[in-house]
Amino acid sequence: MLRVAVVGSGPSGVYAAQTLVQQREVPGVLVDVLDRLPAPYGLVRYGVAPDHEKIKSLQGSLRTVLEDERIRFLGNVEVGGPALPTGRLLELYHAVVYCVGAARDRLLGIPGEDLAGVHSATSFVSWYSGHPDAVDESFDLPGVDSAVVVGAGNVAVDVTRILARGPAELEPTDMPQPALGALAISGLRRVAMVARRGPSQGKFTTKELRELGTLPGVDTVVDPAELAIDPVYEDPAAAAALPAVARRNLEALRGWAGADPGGSGRRIALRFYLRPAEILGGPDGRVTAMRFERTAPDGRGGVSGTGVFEDIEAQLVLRSVGYKGVPLAGLPFDPSKGTVPHAAGRVLRAGRASVGEYVAGWIKRGPTGVIGTNRPCAKETASSLLQDAGVLARRELSGDPLDALRAAGLHPVEWPGWLAIEAAETDLGRSFGRGSVKIPDWSGLLGAAGLA
Ligand code: NAP
């Protein structure tokens, strides 16, 4: 028998657990999937936008894995804290796979970032996704006419879309009632999504980009002159040589550039070649506008400043410039990459593989790729672990780790507790005349799980 703890129940953790129990080379693998939150699924529950039902439905396949009899979900278990240091976890299990993601947002490092009304996209996403750590966030949406979203990745597209959508489109989602109510009374009319490089260098994927042009009552506009700064824009041979995603993105943007902007109400402006310079505020300490410096291609894929500045009005600024891994006490960490050093998923301590410690997902490879990217990533890690199984299984464990977790003062939410949360969310939604609606606070979640 080989007992493995997987820390984190997002896609990489669940795929790692699945690979470990479904393989045939090493019989008798039992996996506990631990999560700090009472609810499973990580960023599929708390990061995928609520209006992306198809991607959200992936929870169904993650659920099937967690219901495997060889796998146990244990929520409300914080690893790395005083009750359960990483060293203790390694005593309780033969091996530990850390799939803890990349929890922190990145800063712009410009003046004005601390003004009221300036937030990370990650905190906005957490708030509208009902993450219990974000329940007290406030975005003052009724006072917002114009918003700026900094960045050109899929998270920037997500928050731009959610800001621009009307309440009727958000109501069928599982968005918590307070977030839905706040978005419904927002006076927002304009969202500018601003990239520091060119249209062929956006990090968004084409499906997500195109969706911005399909929102009811929303005009999506781009300035053809801004697109034309990109050297490939008017060079068909260079455009044809781009990677497929960049080529298709360019086609979508070209379509909007030639279109009548319309006047349906809300407007999304996709802006390019503008890099953040400063965030401007009023005497009340609230953001009023964001200053950008016009950039120009430097011929090496980057940009350089031109000394020309432009202010875009905004009462809300969301910086969406990528995630960053956070060190976990007791685990080595490479601060420059925001990841744990590893070789094929084996954690490296002073350059040598540490017996029994593994990583998968964003904490292993950085915050890149779509959900499916985690499958091969987790498989590689699980294969390394299984190759080490002979050595790992030699160590005698003292008993069921769950008893030790409880003895340490932890109160794990087991699978029936999670099912009770799900049922409570269905009831909550029904009380509002909606489908299932997320419980957005710790006490509500723990109460529903029978732990309050
Ligand atoms: P991302 O894809 O890495 O994009 C980050 C963006 O921020 C880039 O446009 C980058 O521009 C820009 N940026 C970085 N530093 C900046 C600065 N100082 N000033 C201005 N701009 C700056 O990150 P993400 O959007 O957070 O997404 C993370 C991952 O989650 C990605 O793999 C994404 O595809 C995935 N995701 C997928 C979906 C989906 O499939 N629907 C949804 C959400 C997230 P440069 O390119 O110039 O550096």
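This structure is a prediction, so every number in the text was calculated from the model and none was measured. (Residues numbered from 1 in each chain as written. Predicted model: local features only at pLDDT ≥ 70, side-chain atom pairs only at ≥ 80, totals over all residues. Heavy atoms only, no water.)

> Go over the pairing of strand β2 (residues 29-34) with me, naming the residues and quoting the values.
Most of β2 is tucked away: five of the six residues are buried. The pairing of strand β1 (residues 2-7) with β2 spans six bridges and is parallel. Bridge pairing links L2 to V29 in β2. On the question of chirality, the crossover connecting β1 to the parallel β2 by way of helix α1 (residues 11-22) is right-handed. The sheet contact formed by β2 and strand β3 (residues 71-74) spans four bridges and is parallel. Residue pairing for β3: V31 is matched across the bridge by I71. (Buried < 20%, exposed > 50% of the residue type's maximum accessible area, 1.4 Å probe, protein only. Helix = DSSP H or I, 4+ residues; strand = E, 2+ residues; numbered from the N terminus. Pairing = 2+ DSSP bridges. Right-handed = clockwise from strand over helix to strand, strands pointing away.)

> So what about the domain arrangement of the chain? Which residues, and what values?
In terms of domain boundaries, the chain breaks down into domain 1 (2-103 + 325-412) and domain 2 (104-323). A separation of 33 Å is found between the C-alpha centroids of domain 1 and domain 2. On the side of domain 2, 19 residues touch domain 1, which itself brings 18 residues to the contact. Counting each side, the surface lost to burial between domain 1 and domain 2 is near 1600 Å², with a carbon and sulfur contribution of 55%. Sorting the residues of domain 1 by area buried against domain 2 places Y46, P50 and D51 first, and these three jointly supply 37% of that buried surface. Counting the contacts that link domain 1 with domain 2 gives three salt bridges. Inspection of the region where domain 1 meets domain 2 yields six residue pairs in polar contact (both at pLDDT 80 or more). (Domains from an automatic or database assignment. Contact = heavy atoms within 4.5 Å. Buried area = accessible area lost by both parts, 1.4 Å probe. Salt bridge = Lys/Arg side-chain N within 4 Å of Asp/Glu carboxyl O. Polar contact = N/O pair within 3.5 Å; in protein donor to acceptor, adjacent residues only side chain to side chain.)

> Account for the pattern of salt bridges, with residues named and values stated.
Overall, the coordinates contain 34 salt bridges when judged by the stated rule. One network of salt bridges, in which partners are shared, links D51, D158, R161, R165, E169 and E211.

> So what about the environment of P416? Which residues, and what values?
Mapping P416 onto the fold places it in helix α18 (residues 415-431). The spatial distance from the C-alpha of P416 to the C-alpha of L34 is 15 Å, given a sequence separation of 382 residues.

> Please set out the nonpolar core residue by residue, giving values where relevant.
Within the largest apolar cluster, 53 residues are counted, with the highest numbers of intra-cluster contacts made by F124, W127, Y128, L163, L270 and F272. If near-sequence neighbours (up to four positions away) are discounted, L163 is found in contact with F124, L141, A147, V149, L188, V191, R266, L316 and L318. In this structure, Y46, V65, I71 and I371 belong to the second largest nonpolar core, which totals 44 residues. (Core = buried A, V, L, I, M, F, W, Y, C linked by side-chain atoms within 4.5 Å.)

> An account of the state of the cysteines is needed here, citing residue identities and associated values.
One covalent bond between the sulfur atoms of two cysteine residues makes up a disulfide. On inspection of all chains with the given rule, the structure shows zero disulfides. Left unpaired, C99 is separated from the closest cysteine sulfur, that of C377, by 8.0 Å. Its relative accessible area of 6% is what places C99 among the buried residues. (Disulfide = S-S within 2.5 Å.)

> Can you break down the sheet that holds strand β13 (residues 303-313) residue by residue, with the values?
Taken together, three strands build an open sheet; the order of strands is β11-β12-β13 and the sheet is antiparallel. Of all the strands in the sheet, just β11 (274-281) and β13 have a single pairing partner and so form its edges. On average, each strand axis in the sheet is inclined to that of its neighbour by 20°, with strand direction left out of account. Both β11 and strand β12 (residues 287-297) contribute to a ladder of seven bridges, which runs antiparallel. Across the sheet, residue L280 finds its bridge partner in β12, namely A289. (Axes fitted to C-alpha atoms, helices over the stretch in contact; angles between N-to-C directions.)

> Please set out the site of the ligand residue by residue, giving values where relevant.
Taken together, 23 residues surround the ligand, and among them A152, V155, R196, R197 and G369 come closest. Between the ligand and V155 there is a distance of 3.1 Å, counted from an oxygen atom to a backbone nitrogen or oxygen. Residue R197 places a side-chain N or O atom 2.8 Å away from an oxygen atom belonging to the ligand. With three residues, the top contributor of residues to the shell around the ligand is helix α7 (residues 154-164). Split by residue class, the shell around the ligand holds 11 nonpolar, seven polar and five charged. Two domains each provide a minimum of three residues to the shell around the ligand, namely domain 1 (2-103 + 325-412) and domain 2 (104-323). (Near = heavy atom within 4 Å. Nonpolar A, V, L, I, M, F, W, Y, C, P; charged D, E, K, R; others polar.)

> Lay out the environment of G285 in plain terms, naming residues and giving numbers.
Within the element layout of this structure, G285 appears in the loop between β11 and β12. As for G285 and P440, which are separated by 155 residues in sequence, their C-alpha atoms are 29 Å apart. Not counting residues within four places of it along the chain, the set of residues in contact with G285 comprises L115 and A116.

> I'd love a proper account of helix α15 (residues 374-387), names of residues and values included.
Between its first and last C-alpha atoms α15 spans 20 Å; for 14 residues at 1.5 Å apiece the expected length is 20 Å, and the two agree. Buried within α15 we find N374, C377, A378, T381, A382, S384, L385 and L386. (Expected span 1.5 Å × (residues − 1).)

> Give a description of a positive patch on the surface that names residues and reports values.
Where like charges cluster on the molecular surface, the positive patch consists of R104, R106, R196, K203 and K324. Of note, R106 is situated in the loop between β5 (104-105) and β6 (118-120). Take R106: its relative accessible area is 41%, and that puts it in the partly exposed class. (Patch = residues over 30% accessible without salt bridge, like charges linked within 9 Å, V, L, I, M, F, W, Y side chains within 5 Å. Areas by Shrake-Rupley, 256 points an atom, 1.4 Å probe, with all protein chains shown as cover. Lys, Arg positive; Asp, Glu negative; His and termini not counted. Charge placed at Lys NZ, Arg CZ, Asp CG, Glu CD.)

> I'd like a description of the sheet that holds β6, backed by residues and values.
With respect to topology, six strands assemble into an open sheet ordered β6-β14-β7-β8-β10-β9, the strand pairing being parallel. Strand pairing shows two members of the sheet lacking a second neighbour, β6 and β9 (218-222), which therefore form its edges. Averaged over all pairs of adjacent strands, the angle between strand axes in this sheet comes to 20°, irrespective of strand direction. Looking at chain direction, strand β7 (residues 146-150) and strand β8 (residues 190-194) are connected through five bridges and run parallel. Residue pairing for β8: V150 is matched across the bridge by V194. Its contacts with the sheet put helix α6 (residues 121-128) on β6 and β14 (316-319), and the angle it makes with β6 is roughly 75°. The strands touched by helix α13 (residues 244-258) within the sheet are β9 and β10 (266-271), with β9 carrying the most contacts at an inclination of about 105°.

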